[in-house]
Amino acid sequence: MNTVETLRKRRRTYGEHLTPIRVFKEFILPEIKDKLYDYIWVDLFAGKGNLILPILELIPKNERIEFFKKHVFLFDIQKELVKQAIRNAIKYGIPKKIAERNIVQRDTIKNYPSFLLNLELPIYHITNPPYLYIGYIVKHKETQKYLEYFKGNNEGYQDLYQLALINDLRHGIQKMIYII
């Protein structure tokens with residue numbers, strides 16, 4: 001399977017739309033650069049880490065590891081993207097073991113990382129969540145596993161993006177940047 005076919009398959013299966021670092025640097029970083037030490041920087045749908053890891057460029061090299069331990073938490077459902085995010089953290093000078101501790105494979109729509117709510121600083125969630133609407137999910141065998149997400153409290157929602165946002169709201173997250 002070539003790269004274009006692989007990308008299409010991942011978009012159809014996971015609703016994946018990875019955001020380039022350029023978008024983070026141009027539109028998000030100017031809004032947060034003066035608050036880096038005030039929050040825990042989280043992406044629950046992190047992909048390769050492009051919406052959080054570039055923060056490390058603004059942290060002095062001698063402070064990066066401690067900053068990362070305390071301020072950066074990334075999650076993604078896809079194992080290969082988690083591995084890529086870990087490799088990207090290593091490029092910023094984060095040791096592999098520390099990167100593996102804070103960059104984790106997890107289905108955060110089904111299993112929200114509530115432990116983050118008990119940490120010392122408030123959460124700032126920057127993300128580009130998956131987008132698959134329920135009509136598509138119903139029609140395609142490879143995505144039907146997501147139908148369970150739309151039961152109970154989530155009945156009536158129309159797509160994974162909405163579920164991501166309502167999860168944050170239900171957990172009291174006050175600072176969020178969602179890529180639309």
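From a predicted model like this one, the values you see are computed outputs, not experimental measurements.

Go over the pattern of salt bridges, please, and point to the residues and values.
Per the counting criterion, the structure on display carries six salt bridges. With its nearest N and O atoms 3.1 Å apart, the salt bridge here joins glutamate 66 to lysine 69. Of this pair, glutamate 66 and lysine 69 both sit in helix α3 (residues 64-71), separated by three residues, roughly a single helical turn. Judged by relative accessible area, glutamate 66 falls into the exposed class, the value being 52%.

So what's going on with the side chain of aspartate 168? Which residues, and what values?
Relative to the elements of secondary structure, aspartate 168 occurs in helix α7 (residues 160-170). Arginine 170 is the oppositely charged side chain nearest to the buried, salt-bridge-free aspartate 168, at an N-O distance of 11 Å. Of the polar contacts made by the side chain of aspartate 168, one reaches the side chain of tyrosine 112; its length is 2.6 Å. When residues no more than four places from it in sequence are discounted, the contact partners of aspartate 168 are Leu44, Tyr112, His125, Ile173, Met176 and Tyr178.

I'd like to hear about the nonpolar core, residue by residue, with values.
Among the nonpolar cores identified, the biggest contains 31 residues, and Ile32, Trp41, Phe68, Ile103 and Ile126 are the most heavily contacted of them. Residue contacts for isoleucine 103: discarding those within four places in its chain leaves Phe68, Leu74, Val82, Ala85, Ile86 and Ala89. Listed in part, the 23 residues of the second largest apolar core include Leu44, Phe45, Leu160 and Leu163.

Can you tell me about the sheet that holds strand β4 (residues 123-127), naming the residues and giving the values?
Here we have five strands laid out as an open sheet, ordered β3-β2-β1-β4-β5, and parallel in their pairing. Of all strands in the sheet, those with a lone pairing partner are β3 (103-105) and β5 (175-178), marking the two edges. Along the sheet, successive strands turn relative to each other by an average axial angle of 15°, direction set aside. Here strand β1 (residues 40-43) pairs with β4 via three bridges, running parallel. Looking at the pairing, valine 42 lines up with histidine 125 of β4.

Mind laying out a positive patch on the surface, listing which residues take part and the relevant values?
On the surface, Lys79, Lys83, Arg87 and Lys91 cluster together to form a positively charged patch. In this fold, lysine 91 is placed in helix α4 (residues 79-91). Note on lysine 91: relative accessible area 67%, which makes it exposed.

So what's going on with the pairing of β1? Residues and values would help.
Of the two faces of β1, the one carrying Ile40 and Val42 and the one carrying Trp41 and Asp43 are both buried. The pairing of β1 with strand β2 (residues 72-76) spans three bridges and is classified as parallel. In the sheet register, tryptophan 41 faces β2, and the bridge partner there is valine 72.

Break down the packing of aromatic side chains for me, with residues and values.
Evaluated as defined, the whole model comprises eight aromatic pairs. Both rings, one in phenylalanine 73 and one in phenylalanine 115, keep their centres 6.1 Å apart while their planes meet at 75°; by these two values the pair is edge-to-face. You can see phenylalanine 73 sitting in strand β2 and its partner phenylalanine 115 sitting in the loop between β3 and β4, a full 42 residues away along the chain. A residue is classified by how much of its surface remains accessible, and phenylalanine 115, at 38% relative accessible area, is partly exposed.

Residues and numbers for the side chain of asparagine 102, please.
Residue position: asparagine 102 is located in helix α5 (residues 96-102). Polar contacts involving the side chain of asparagine 102 include one to the main-chain carbonyl oxygen of lysine 69, which spans 3.2 Å. At 2.8 Å, the side chain of asparagine 102 and the backbone oxygen of valine 72 are in polar contact.

Scoring rules and cut-offs
- Residues numbered from 1 in each chain as written.
- Predicted model: local features only at pLDDT ≥ 70, side-chain atom pairs only at ≥ 80, totals over all residues.
- Heavy atoms only, no water.
- Salt bridge = Lys/Arg side-chain N within 4 Å of Asp/Glu carboxyl O.
- Helix = DSSP H or I, 4+ residues; strand = E, 2+ residues; numbered from the N terminus.
- Buried < 20%, exposed > 50% of the residue type's maximum accessible area, 1.4 Å probe, protein only.
- Lys, Arg positive; Asp, Glu negative; His and termini not counted.
- Polar contact = N/O pair within 3.5 Å; in protein donor to acceptor, adjacent residues only side chain to side chain.
- Contact = heavy atoms within 4.5 Å.
- Core = buried A, V, L, I, M, F, W, Y, C linked by side-chain atoms within 4.5 Å.
- Pairing = 2+ DSSP bridges.
- Axes fitted to C-alpha atoms, helices over the stretch in contact; angles between N-to-C directions.
- Patch = residues over 30% accessible without salt bridge, like charges linked within 9 Å, V, L, I, M, F, W, Y side chains within 5 Å.
- Areas by Shrake-Rupley, 256 points an atom, 1.4 Å probe, with all protein chains shown as cover.
- Charge placed at Lys NZ, Arg CZ, Asp CG, Glu CD.
- Phe/Tyr/Trp six-rings, centres within 6.5 Å; stacked < 30°, edge-to-face > 60°.

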